[in-house]
Amino acid sequence: MQKIVLFFMAIALLCASCQSEKKENSNINIGTKKEKLSPYDLGEKIFNGKGKCYTCHKIDKKSIGPGVIEIMKIYKDQNKDLISFLKQEADPIVDPETFTVMKTNFAIIKTFTEEELKAVEVYMTEVKTNKSE
Ligand code: HEC
């Protein structure tokens, strides 16, 4: 009789341990699952992350480079295309004198996909409207 009890206890233990293992696995899956970010969130992530834009561009004030709001205002006023500039197809219009500083970052920007460039544009545009409201 005791043997049977032990047997069931052993099974119960095994189940418990395999369940916790499963849990861990599914946690790991959630962590690596590629979530679909909105263009704004993706843009923000790139701007502050791998694009390193934020090291030189603050949102509402000038630092090493002009502030994002100022850049976007000039782009809007002159009806220019931000993505063309990022693709190095259009000349700088904001502060051409310090363009050499911005130029150092094109090595990174060149690695962006079309979707990422668009996302950065969305972020830079909307961050402005968020702030001014
Ligand atoms: C090393 C510092 C630095 C980094 C990093 C940097 N920038 Fe700049 N950026 C500048 C400077 C300085 C200017 C002003 C010169 C100019 O107008 O081109 C500028 C200008 C710009 C302009 C205006 C261009 C124009 O028409 O004059 C845009 C748009 C821009 N940056 C976007 C970005 C984005 C997007 C990133 C990240 C992917 C980035 N920058 C990263 C320094 C930087």
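Residues numbered from 1 in each chain as written. Predicted model: local features only at pLDDT ≥ 70, side-chain atom pairs only at ≥ 80, totals over all residues.

## Some thoughts on the overall build of the protein
Argument step 1. Counting its secondary structure elements, the protein contains eight helices and zero strands.
Argument step 2. Secondary structure of the protein in N-to-C order comes out as α-α-α-α-α-α-α-α.
Argument step 3. Residue burial in the protein is summarised as follows: out of 133 residues, 14% are buried.
Argument step 4. Put simply, 59% of the contacts in the protein that link residues at least 6 apart link residues at least 24 apart. (Helix = DSSP H or I, 4+ residues; strand = E, 2+ residues; numbered from the N terminus. Buried ≥ 20, exposed ≤ 12 C-beta atoms within 10 Å, placed from the backbone. Contact = placed C-beta atoms within 7 Å.)

## Side note on the nonpolar core
Argument step 1. Ile46, Phe47, Cys53, Val68, Met72, Ala119, Val120, Tyr123 and Met124 together form the largest nonpolar core, which totals nine residues.
Argument step 2. Within the residue set of this core, elements represented by two or more residues are α2 (39-48), α4 (68-77) and α8 (114-132).
Argument step 3. No other element matches the four residues that α8 contributes to this core.
Argument step 4. If near-sequence neighbours (up to four positions away) are discounted, Ala119 is found in contact with Pro39, Leu42, Gly43 and Ile46. (Core = buried A, V, L, I, M, F, W, Y, C linked by C-beta atoms within 7 Å.)

## Brief notes about unusual backbone geometry
Argument step 1. You will see that Asn79, though not glycine, has its phi angle at about 55 degrees, which is positive.
Argument step 2. When you line up the elements, Asn79 lands in the loop between α4 and α5 (82-86).
Argument step 3. Taking the C-beta count within 10 Å as the criterion, Asn79 has 6 such neighbours and is therefore assigned exposed.
Argument step 4. Positive phi values are uncommon outside glycine, yet Gln88 reaches one of about 60 degrees.
Argument step 5. Mapped onto the secondary structure, Gln88 falls in the loop between α5 and α6 (99-103).

## Description of the site of the ligand
Argument step 1. Lining the immediate surroundings of the ligand are 27 residues, of which Cys53, Cys56, Gly65, Pro92 and Val94 lie closest.
Argument step 2. Broken down by secondary-structure element, the contributors of at least two residues to the shell around the ligand are α3 (53-56), α5, α6 and α7 (106-109).
Argument step 3. When the residues that make up the shell around the ligand are grouped by side-chain class, the tally is 18 nonpolar, seven polar and two charged. (Near = placed C-beta within 6 Å. Nonpolar A, V, L, I, M, F, W, Y, C, P; charged D, E, K, R; others polar.)

## A word on the environment of Ile69
Argument step 1. The residue Ile69 is located in helix α4 in this model.
Argument step 2. Taking the number of C-beta atoms within 10 Å as the measure of exposure, Ile69 has 18 and is therefore partly exposed.
Argument step 3. Placed ten residues apart in sequence, Ile69 and Ile59 show a C-alpha to C-alpha distance of 6.0 Å.

## So, α2
Argument step 1. Among the residues making up α2, those that are buried are Gly43, Glu44, Ile46 and Phe47. One side of α2 holds all its buried residues, which, seen down the axis, span an arc of 165 degrees. (Arc of directions from axis to C-beta.)

## Quick notes on the confidence of the model for the protein
Argument step 1. Of the residues in the protein, 70% have a pLDDT of 70 or more, and the chain-wide mean is 84.
Argument step 2. Across the protein, the element-wise mean pLDDT spans from 54 in helix α1 (residues 2-32) up to 98 in α5. (pLDDT = per-residue confidence, 0-100.)

## So, the environment of Glu70
Argument step 1. The topology assignment puts Glu70 in helix α4.
Argument step 2. Judged by local crowding, Glu70 falls into the partly exposed class, with 18 C-beta atoms found within 10 Å.
Argument step 3. Each C-alpha atom, one on Glu70 and one on Ile59, is 8.5 Å from the other, the two residues being eleven residues apart in sequence.

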